[in-house]
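So you can see what is in the structure, the chains are spelled out below.
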Amino acid sequence: ILDTFSLIAYCILDIGYWSLILSRLLLIAYYLLLLIFPTMDLNQYTIKAAEAIQNAQNIAKQNHNQQITPLHLLISLINQPDGLVPAILQKIDIEPHTLNQSLKTALANQPQITGNGGIYLSPELQQVFNVSQTEAQNLSDEYISTEHLLLALLQDKSIAKMLATDKDQILQAIKEIRGSQKV
């Protein structure tokens with residue numbers, strides 16, 4: 001019986017040791033993830049861009065999608081009241097309402113989850129945010145705005161196919177609408 005108690009005491013101490021090791025490993029993994037997928041600083045986005053990102057998250061939640069994808073962001077951008085993206089699209093002869101219907105059909109085909117699972121950015125959307133920073137720099141803008149997000153969305157093949165336009169057309173429309181204004 002003494003050997004049994006010794007074994008139990010050893011296992012309890014051993015479990016404590018391994019839980020300490022496990023917690024340290026999880027902390028290291030967390031910091032590595034922050035290096036790979038840095039958190040977004042919404043201070044570098046305009047109010048409209050930040051609202052669009054927040055609304056994309058809401059759209060994903062409402063549709064029971066676990067990932068926030070470029071599709072969610074584009075739906076958010078074209079439905080934004082007084083937004084610049086619908087005006088840009090109309091300028092290049094894309095009807096936002098018609099596009100919205102196509103996007104919602106595509107959204108219905110996205111995987112859905114039940115319960116209270118976590119929601120996260122898809123790697124494709126993270127790439128869109130990275131490219132939007134470059135687009136803002138290319139236009140000599142200080143902040144990332146909705147038009148930069150739209151330009152960045154073109155790098156996603158499925159979005160580019162749905163928009164059926166190219167970057168040059170969108171850039172031209174942006175220049176016509178904004179003029180020489182900087183963001």
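See the structure above.
Notes on the structure follow. (Residues numbered from 1 in each chain as written. Predicted model: local features only at pLDDT ≥ 70, side-chain atom pairs only at ≥ 80, totals over all residues. Heavy atoms only, no water.)

Scanning the chain for helices and strands turns up nine helices and two strands. Counting from the amino terminus, helix and strand elements in the chain follow one another as α-α-β-α-α-α-β-α-α-α-α. The burial tally for the chain puts 36% of its 183 residues in the buried class. Excluding contacts between residues fewer than 6 apart, the proportion of contacts in the chain whose partners are at least 24 apart in sequence is 70%. Accessible surface for the chain amounts to roughly 11,400 Å². Of this, 57% is attributable to carbon and sulfur atoms. (Helix = DSSP H or I, 4+ residues; strand = E, 2+ residues; numbered from the N terminus. Buried < 20%, exposed > 50% of the residue type's maximum accessible area, 1.4 Å probe, protein only. Contact = heavy atoms within 4.5 Å. Areas by Shrake-Rupley, 256 points an atom, 1.4 Å probe, with all protein chains shown as cover.)

With their axes 9 Å apart at the nearest point, helix α4 (residues 84-91) and helix α7 (residues 146-153) run at an angle of 55 degrees to one another. In terms of orientation, α4 lies oblique with respect to α7. Here α4 runs over α7; the crossing is right-handed. Across the interface between the two elements, Leu84, Val85 and Ile88 from α4 touch Thr146, Glu147 and Leu150 from α7. Grouping the constituent residues of the contact of α4 with α7 by class yields four nonpolar, one polar and one charged. (Axes fitted to C-alpha atoms, helices over the stretch in contact; angles between N-to-C directions. Parallel < 35°, antiparallel > 145°, perpendicular 65-115°, else oblique. Left-handed = near helix turned anticlockwise from the far one by under 90°. Nonpolar A, V, L, I, M, F, W, Y, C, P; charged D, E, K, R; others polar.)

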